[in-house]
Amino acid sequence: MKKLRVLALLDKDLVPPDSLKGYSEEEIFRWKTEYDVVSTLRASGHEVHPLGIADELRPIREAIENFKPHVVFNLLEEFQGEVTYDQNVASYLELTRVPYTGCNPRGLILARGKDLSKQLVMHHRIPVPNFAVFPRGRKVRRQQRLAFPLIVKSLTEDASFGIAQASVVHNDEKLAERIGYIHERIGTAAIVEQFIDGREIYVGVLGNERLRVLPVWELRFTEMPEGALHIATQRVKLDPKYQERRGIVTGPAKDLSPELAARIARYAKRICRTLSLDGYCRIDFRLAEDGTPYFIEANPNPEIAKSEEFAQAAKHDGISYRALLNRILALGISRAQAKAAKE
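Residues numbered from 1 in each chain as written. Predicted model: local features only at pLDDT ≥ 70, side-chain atom pairs only at ≥ 80, totals over all residues. Heavy atoms only, no water.

### A few points about helix 2 (residues 32-43)
Part 1 of the reasoning: Its twelve residues give helix 2 an end-to-end C-alpha distance of 16 Å, which sits within 8% of 16 Å, the value for a rise of 1.5 Å per residue.
Part 2 of the reasoning: Across the twelve residues that make up helix 2, a large majority, nine, are buried.
Part 3 of the reasoning: Packed against the buried residues of helix 2 are strand 1 (5-11), helix 1 (25-30), strand 2 (47-53), strand 3 (71-74) and helix 12 (321-342). (Helix = DSSP H or I, 4+ residues; strand = E, 2+ residues; numbered from the N terminus. Expected span 1.5 Å × (residues − 1). Buried < 20%, exposed > 50% of the residue type's maximum accessible area, 1.4 Å probe, protein only. Contact = heavy atoms within 4.5 Å.)

Now the structure itself:
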């Protein structure tokens, strides 16, 4: 790949230093993705300009005018403090006609709405847990089809924000209590869905029109206390010390028959096309004891630190980290070229 000028859009609080020297593991954990991406792209020979963004588009415009990037590597997960506003940045990049990495605005909108994405996926004959949305300010009335146990989540937040062992409830009293927690403490509507007792599996997908499904990856819990549920809570996702203490590891999903692995791959592709996802994404499933893979959510522009599941699954499939990032750049550029050719 030729050497490129790459504008890297980052959260303003996650702009990484040039070196890891002198930083603690806790500090590095916060911006490990940003550091891995910027340092690896530079090691590939690209000229990389990291830009921290908070709540204004003007710095992006000025950087595009002055730096004249060949491509923007979009690592923003929110804008103006709102997760659902990340599509606004992608929309702005569309208007500037500068190639950018990751998902397009339509895909971001469809995937971020967990209820809408489930409805669309269910329409395409993919198993989805029964679910319902409970808006803020309304009395909690459980529908008959929502049978316990149930899991309660934020409708819009990601990275398991607000999810804990207490999120799985077994009666109406605890259901109302947890929905109240989401409404008051997280500040969003709640989505309540049938809890699937099974395995937590992730499927990375790479591509625009032609999709490459990476090996099925699994989140495993090896040192959990007796009675604890094997679910991806906020601590499981974001607390390295808790991960080490509880033996939280990821790796290739074991003991999947070829038929089941192929079915999961087909589902992942169908979900990407249904939700207009491109670039790179991760599809999350719960694999029930009877072998049914239930769609949980789609994650456009997922975590791509070198040590995380997407990059590790790519490595397992023969794609080095450097090659993965360069492929993501190429996908952004080719999408822009294909769009320009149609105009």
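### With respect to the sheet that holds strand 2
Part 1 of the reasoning: Pairing is parallel across the open sheet formed by three strands, whose spatial order is 2-1-3. Looking at which strands have only one partner, the edges of the open sheet turn out to be strand 2 and strand 3. The sheet shows a mean angle of 25° between the axes of neighbouring strands, direction not considered.
Part 2 of the reasoning: With seven bridges connecting them, strand 1 and strand 2 associate as parallel partners. Each bridged residue has a counterpart across the sheet, and for A8 the counterpart in strand 2 is P50.
Part 3 of the reasoning: Contacts from helix 2 reach strand 1, strand 2 and strand 3 within the one sheet, and its direction differs from that of strand 2 by about 155°.
Part 4 of the reasoning: Taken strand by strand, helix 12 contacts strand 1 and strand 3, and its axis lies near 120° from that of strand 3. (Pairing = 2+ DSSP bridges. Axes fitted to C-alpha atoms, helices over the stretch in contact; angles between N-to-C directions.)

### Considering the packing of helix 2 against helix 12
Part 1 of the reasoning: Contact pair helix 2 / helix 12: the axes reach a minimum separation of 10 Å and the direction vectors enclose 90°. By the angle between their directions, the pair helix 2 and helix 12 is classed as roughly perpendicular. Residues D36, V37, T40, L41 and A43 of helix 2 lie in contact with helix 12, whose contacting residues are Y321, R322, L325 and L329.
Part 2 of the reasoning: Considered class by class, the residues forming the contact of helix 2 with helix 12 number six nonpolar, one polar and two charged. (Parallel < 35°, antiparallel > 145°, perpendicular 65-115°, else oblique. Nonpolar A, V, L, I, M, F, W, Y, C, P; charged D, E, K, R; others polar.)

### Some words on the side chain of E309
Part 1 of the reasoning: Of note, E309 is situated in helix 11 (residues 309-316).
Part 2 of the reasoning: A residue is classified by how much of its surface remains accessible, and E309, at 9% relative accessible area, is buried.
Part 3 of the reasoning: Not counting chain neighbours up to four residues away, the residues in contact with E309 comprise Y202, W217, T250 and R282.

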